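Architecture at a glance
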Amino acid sequence: MGLFSKFIAKIKGENSFTPADWQELESELLASDIGPTLTRSLLESARRVKSENAQEALKQTLTSHLSTQSRASIANPDGMTVVMVVGVNGTGKTTSVAKLASRIKNSGSSVVVAAGDTFRAAAVEQLQTWGTRINVTVVSGKPNGDPASVAFDAAKRAAQSQAQFLIIDTAGRLHNKSDLMDELEKVKRVVEKISPVNEVLLTIDATTGQNGMAQAKLFSESVNVTGIILTKLDGSARGGIALAIENELNIPIKWIGTGESESDFSAFDAGEYIEGLLT
Amino acid sequence: MFDSLSARFTSAFSSLRSRGKISAADLDSTYAEIKQALLESDVALEVVEAFIAEVSEKSNQALSTIQSGSNQANAIFDVVNSSLVEILGGAARRVRFSKNPPTVIMLAGLQGAGKTTLAGKLAKFYADQGNTPLLVAADLQRPNAVTQLQVVGESINVPVFAPEPGNGVGDPVKTAKAGVEFAKSKQYNMVIVDTAGRLGIDADLMKEASDIRDAVKPDEILFVVDAMIGQDAVRTSQAFLNGVGFDGVVLTKLDGDARGGAALSIASLTKRPIMFASTGEKLSDFDIFYPERMASRILGMGDVATLAEQAKKAFDSDKSAKLEAKFASGEDFTLEDFLDQLSAMSKMGSMSKLMGMLPGGGQMKQLTKGANFDESEIVRTKAIIQSMTPRERQEPKVLNGSRRARIALGAGLKVSDVNNLVDRFSAAQKMMRQIRNGGVPAGMAGMGMPAMAPKPANIPPKKKSKSGNPAKRALEESQ
C-alpha cells in the first residue's frame, strides 16, 4: 500500500483526516528517509488538497518534486559509450556494474568492463567472477595499481575492439575524502583522452539516510553525476533519500537494484513509482 | 545543508539565555529545534519523541531549582548532552572472553555494511593485544568474499579458515562449525566468523544466520551497521535482534560525514551497547566506541578528537620524527620536507571541511563564505615543487633564471609564481634558523603547520574552565 493511499481514501470518502492520521502520515514520510524538509513540504501540499481531485493533485505535487532530467541512458551517437559507476563503499557498485553489463549484452550490444577498483581486497576477482558468469570481457590491472591507468588501458582496448559500451567500475570512496575524489576525477580525465565519458552513475544504497544528499552533491561536483542507481531496494528500506536528491539536486534515478542476481535490475519508472505511492 | 545545525542549536540556547526567566513557550521552541536537528541526523521519529519527552522531564526537574535564564539554558544543554551520552554509552563494555577458549565472535549485518573489512580490523585489534585470532570465511554468497577475507588475513598475518571456495558453493553453517573445531584443535584463543550480508526481511537467510549461531555458540554476536544508515536502522536492527540476536553493535564508515543518528536509534531501541567504531580504509582504522564523541557528532558540535586523529594519521609519524630530529640537529628544512607537509595537509581534506570539525566551525564557515580559502594555492605550490629536481628541492640556492623558467613551464605557472615561492621559502628557512638558535622547542618545525601530530590526549576538551563543546562554551563565555 502506498504512503498516500489512506490519505486519499479518507479525503475522498468522509473528507476527514484526523490529527492522528496526519501524525501517522508524517511518521511514515519520515520513515521513508525523504528527510524532514521534504516531509514538511509534502504535508503542506497535502493540507491544501481538495477532496474532489485529491489523487490528481497529489500526483502533480509529487511529480513536481522529481528531477526534470531525462531518465533515458545517455549514449554516444558516434562510437563507444562510456559509463562510469561511482559511489561510497558498500553501496553495490561492482554488482551494479555486472548487472548493467549483463543487460547491455542481452540487448545485443558489445560491452567491456574495466575493473577500476584496485583498492579493496579481491574486488577485481569479484568482478572477474561476474564476468565469467555473464560472459563479458573484464579488463584489470595490478592490485593496488593506479586506477586511472587501468581505466585508460581498458578504454584503449575497448576502443580497439570496437566495443559499443565500456563500463568502468571504481573503488568505493567516501565523498568527504578529497584525495580520493581527486583520484576519481583523474580516472575520468584520463579516460576522456580516449573517449568522452557519457554517463556517470552514482550508486545510492536504499538504506542510506540523509547523508545520501552529501554523497550526491560531492560526487556531482567532482565527476558530474548524470544518474542514480538506487540499490538494495529489496530490503525494508524505502530509499526516500533518492527522491530528496531528485528534488534538491535534480539528478534523476535511472536504475534500481533489487537483489543479488544479474536480473534483479530495472529502469526506474517514475510514473509507476508515483502511482505506487498513491494506490 | 547541515552546516546550520549546530548554529541552530546554539541560537536556540542563546535565545533562551537572553530571557530573564524561561517560559514554557521558550522551552517548546527549543525542543522543536532539537527534534528537527535529530531528525536531520537520521534518528528515528519514535526515538526522537521519546528522547524529547525524557529531556523535557529531566529539564523541568533541573529548572525548578534554577533562577537565571543563562543557568537554565546551561542546565538544559547538559541534560540533552548527558542523555545522549547515556543512551549511546550506558551499557558500554568490552568483548567478553570465554573461560574456555576460543572466544567465538560472530559478525552479522546487511550487505555492504563492511563485515569482511571489519573482521580483519577486529582480528588485528586483538592480535595486537597478544591474542591469536582465526578468521573463518563463512560468507559463501558474495562473489569472492572468501578471497577478500584471505587477502585481508594475509595482510595482517592472521590465518584464515576457508575450506569452501564460496561464490554460492559450500555450506556456511558447516564451515563455521568446522572453523571453531579447527581453532580448538590448534589452540587459537579467538575465532571471528564472517558471514554473508543479509536483509532483515529475508526469512531464509535469517534462519541460516541463526543456524550458524546455534552451530558455533558465539560468545559475542556483533551487529555491523553502516553509520550512514537512515530510518531503516529501526526495522533492520529489530529484525536482526529477533532473527539471530546480537550482543553488541559496531558502527562502520565513521570516517564519512554522516551524523550517525541511527546509532542513537539502535542503542535506544535494542538496548545493546555500541562497542566499536570503524573509521577508515586501513585495517588499523578501528577503535572502541566513544559515546561523548558520538553525541557531539549527532548534535553537529564539532569533533576535535577526530580532527586530531585525522592529523595524526595524515602526518606520517616516522616522517614527523625524522623532521624533528633533522631540525634539532641543525639541518635545514628543505622544499622536499615542505612538499611532504603540503601533501599531508591535503590528505586531511579541504580547509572548509576541517573547519567544520572545529567547535563552532559551522558558524565560522558561514562567516568566511565570501573570503574563500584558496585551496588551489596548495595545489599550485605542490606543482612548483614537484617540477623541481631532487637537488633543487634540497638546495634552493641553485635555482637560477633558466631553472626557474623550466620549473614554471613544468608547473604550468609563471616565473613570478616560482620566484614568489622561493622567496617565501628562504624567508621561512631563515626564520627557522633564528628560532633554532634562540632555542625554541623543535616542535615548531614545519612553517607553522600542525606537523607534529597532536595526540588526542593533548587536545583541550578535558579542560575544566572551557568546554570543548561550542554551544556550551558560548554559554560559559557569555556569562
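Cut-offs applied
Residues numbered from 1 in each chain as written. Chains lettered and ligands numbered in written order. Predicted model: local features only at pLDDT ≥ 70, side-chain atom pairs only at ≥ 80, totals over all residues. Heavy atoms only, no water. Helix = DSSP H or I, 4+ residues; strand = E, 2+ residues; numbered from the N terminus. Buried < 20%, exposed > 50% of the residue type's maximum accessible area, 1.4 Å probe, protein only. Contact = heavy atoms within 4.5 Å. Buried area = accessible area lost by both parts, 1.4 Å probe. Salt bridge = Lys/Arg side-chain N within 4 Å of Asp/Glu carboxyl O. Polar contact = N/O pair within 3.5 Å; in protein donor to acceptor, adjacent residues only side chain to side chain. Pairing = 2+ DSSP bridges. UniProt positions renumbered as here; feature names shortened; annotations may be inferred. Axes fitted to C-alpha atoms, helices over the stretch in contact; angles between N-to-C directions. Core = buried A, V, L, I, M, F, W, Y, C linked by side-chain atoms within 4.5 Å. Domains from an automatic or database assignment. Parallel < 35°, antiparallel > 145°, perpendicular 65-115°, else oblique. Left-handed = near helix turned anticlockwise from the far one by under 90°. Nonpolar A, V, L, I, M, F, W, Y, C, P; charged D, E, K, R; others polar. Expected span 1.5 Å × (residues − 1). Right-handed = clockwise from strand over helix to strand, strands pointing away. Phe/Tyr/Trp six-rings, centres within 6.5 Å; stacked < 30°, edge-to-face > 60°. Lys NZ or Arg CZ within 6 Å of the ring centre and 35° of its normal.

Our next topic: the overall build of chain B. Assigned secondary structure in chain B consists of 21 helices and eight strands. Among the 479 residues that make up chain B, the fraction classed as buried is 52%. In chain B, of all internal contacts separated by at least 6 residues, the share reaching a separation of at least 24 is 75%.

So, about the interface of chain A and chain B. Counting residues at the interface gives 46 residues for chain A, matched by 42 residues for chain B. For the pair chain A and chain B, the two sides together bury roughly 3600 Å², of which 54% comes from carbon and sulfur. Applying the counting rule to chain A against chain B returns one salt bridge. Aspartate 255 of chain B is paired through a salt bridge with lysine 177 of chain A; the nearest N and O atoms lie 2.5 Å apart. Between the two partners, chain A and chain B, sit 18 residue pairs in polar contact (both at pLDDT 80 or more). Looking at the side of chain A that touches chain B, the elements with two or more residues in it are helix H2 (19-31), helix H3 (36-48), helix H6 (123-134), helix H8 (178-191) and helix H9 (211-223) of chain A.

Attention shifts here to the pairing of strand S7 (residues 274-278) of chain B. Residues and elements named next belong to chain B. Of all five residues making up S7, five are buried, and the element is well covered by its neighbours. Pairing analysis gives three bridges linking strand S6 (residues 248-252) to S7, with the strands arranged parallel. Bridging from a neighbouring strand, valine 250 pairs with phenylalanine 276 of S7. Looking at chain direction, S7 and strand S8 (residues 286-288) are connected through three bridges and run antiparallel. When the sheet's bridge partners are listed, phenylalanine 276 is paired in S8 with isoleucine 288.

Here the focus is the environment of serine 110 of chain A. Residue and element names in this part refer to chain A. Residue position: serine 110 is located in the loop between helix H5 (93-106) and strand S2 (111-116). Overall, serine 110 belongs to the partly exposed group, its relative accessible area being 31%. Along the chain, serine 110 and glutamine 164 lie 54 residues apart, while their C-alpha atoms are 5.3 Å from each other. Excluding anything up to four places from it in sequence, serine 110 contacts Gln162, Ala163, Gln164 and Phe165.

Right, let's talk about the UniProt feature "domain: SRP54-type proteins GTP-binding" (unreviewed entry) in chain B for a bit. Annotation from UniProt places "domain: SRP54-type proteins GTP-binding" (unreviewed entry) at residues 273-286 of chain B. End C-alpha to end C-alpha, residues 273-286 of chain B measures 17 Å, and it is 0% helix and 43% strand.

The strands making up a sheet associate through hydrogen bonds between their backbones, and the pairing can be parallel or antiparallel. All names here are of chain A. One open sheet holds the eight strands; their spatial order is S3-S2-S4-S1-S5-S6-S7-S8, and the pairing between them is mixed. Of all strands in the sheet, those bounded by a partner on one side alone are strand S3 (137-139) and strand S8 (265-267). Taken pair by pair, the neighbouring strands of this sheet meet at an average axis angle of 25°, ignoring direction. Bridge count between strand S1 (residues 81-86) and strand S5 (residues 199-205): four bridges; the pairing is parallel. Bridging from a neighbouring strand, valine 86 pairs with leucine 202 of S5. Contacts from helix H7 (residues 147-160) reach S2, S3 and strand S4 (165-170) within the one sheet, and its direction differs from that of S2 by about 165°. Its contacts with the sheet place H8 against S1, S4 and S5, and it is angled at close to 175° to S1.

Judged by nonpolar contacts, the single largest core of 69 residues is most densely connected at Phe4, Phe7 and Leu166 of chain A. Split by domain, this core shows at least three residues from each of two domains, domain 1 (5-64) and domain 2 (81-278) of chain A. For leucine 166 of chain A, the contacting residues outside a window of four places in its chain are Met80, Thr81, Val82, Val83, Val112, Ala114, Ala154, Ala155 and Ala158 of chain A. Counting 68 residues, the second largest nonpolar core, distinct from the first, contains Leu27, Phe51, Leu88 and Leu110 of chain B.

It is worth spelling out the pattern of salt bridges at this point. Two side chains carrying opposite charge are able to pair once their charged atoms lie near each other. Overall, the coordinates contain 25 salt bridges over all chains when judged by the stated rule. Residue glutamate 183 of chain A is joined to arginine 173 of chain A by a salt bridge in which the shortest nitrogen-to-oxygen separation is 2.9 Å. Here glutamate 183 of chain A is found in helix H8, whereas its partner arginine 173 of chain A is found in the loop between S4 and H8, with 10 residues between them in sequence. Of the residues examined, glutamate 183 of chain A reaches a relative accessible area of 26% and is grouped as partly exposed. Classification of arginine 173 of chain A as buried rests on a relative accessible area of 2%. Residue arginine 393 of chain B pairs with glutamate 336 of chain B through a salt bridge whose shortest N-O separation is 3.3 Å. Taken together, the positions of arginine 393 of chain B in helix H18 (residues 390-394) and glutamate 336 of chain B in helix H14 (residues 335-347) put the pair 57 residues apart, joining distant regions of the chain. Note on glutamate 336 of chain B: relative accessible area 23%, which makes it partly exposed. Because the salt bridges share partners, they merge into one network encompassing Lys6, Lys10, Asp21 and Glu24 of chain A.

Let us look at the packing of H5 of chain A against H6 of chain A. Any two packed helices are characterised by the angle at which their axes cross and by the distance between the axes. All names here are of chain A. In contact at an axis separation of 10 Å, H5 and H6 are set at 20° when each is read in the N-to-C sense. The orientation of H5 with respect to H6, classified from their angle, is roughly parallel. Crossing hand, H5 versus H6: right-handed. Counting all contacts with H5, which are made through Thr94, Thr95, Val97, Ala98, Ala101, Ser102 and Lys105, the residues of H6 involved are Gln126, Leu127, Trp130 and Ile134. Tallied by class, residues from the contact of H5 with H6 come to six nonpolar, four polar and one charged.

Residue and element names in this part refer to chain B. Here we have eight strands laid out as an open sheet, ordered S3-S2-S4-S1-S5-S6-S7-S8, and mixed in their pairing. The open sheet has two edge strands with one neighbour each: strand S3 (160-161) and S8. Against the sheet, helix H5 (residues 115-128) engages strand S1 (103-109), strand S2 (133-138), strand S4 (190-195), strand S5 (220-226), S6, S7 and S8, with an angle of about 170° to S4.

All right, on to unusual backbone geometry then. Peptide bonds are, in most cases, trans, and in most cases residues other than glycine have a negative phi. Residue and element names in this part refer to chain B. Residues proline 101 and proline 102 are joined by a peptide bond in cis, for which omega reads 5°. In this structure, glutamine 187 takes a positive phi of about 60° despite not being glycine. For lysine 217, which is not a glycine, the phi torsion comes out positive at approximately 40°. Within the secondary structure layout, lysine 217 lies in the loop between helix H8 (203-216) and S5.

Quick look at H5 of chain A now. Residues and elements named next belong to chain A. Here H5 spans 20 Å end to end across 14 residues, near enough to the 20 Å set by a 1.5 Å rise per residue. In terms of burial, H5 is a largely internal element, 10 of the 14 residues being buried. For H5, the full list of buried residues reads Lys93, Thr94, Ser96, Val97, Ala98, Lys99, Leu100, Ala101, Ser102 and Ile104. Just downstream of H5, glycine 108 is the residue with a positive phi angle, here 100°.

Turning our eyes to something else, we now look at the pairing of S2 of chain A. Side-chain positions along a regular strand alternate between the two faces of the sheet. Residues and elements named next belong to chain A. In terms of burial, S2 is largely enclosed, as six of its six residues are buried. Of the two faces of S2, the one carrying Val111, Val113 and Ala115 and the one carrying Val112, Ala114 and Gly116 are both buried. Bridge analysis of S2 against S4 gives six bridges, and the strand direction is parallel. Residue pairing for S4: valine 113 is matched across the bridge by isoleucine 167. You can see the chain leave S2, run along H6 and come back into S3, and the turn it takes is right-handed.

Let's shift gears to the packing of aromatic side chains. Per the stated rule, a full pass over the model turns up 15 aromatic pairs over all chains. Measuring from centroid to centroid gives 5.2 Å for phenylalanine 125 of chain B and tyrosine 126 of chain B, while their planes differ by 85°, and the two rings are edge-to-face. Comparing phenylalanine 125 of chain B with tyrosine 126 of chain B shows no difference in burial state: the two are buried. Here the aromatic residues Phe97, Phe125, Tyr126, Phe276 and Phe286 of chain B are joined through ring pairs into a cluster of three or more. The residue whose ring lies beneath arginine 133 of chain A is tryptophan 130 of chain A, and the NZ or CZ to ring-centre distance is 4.7 Å.

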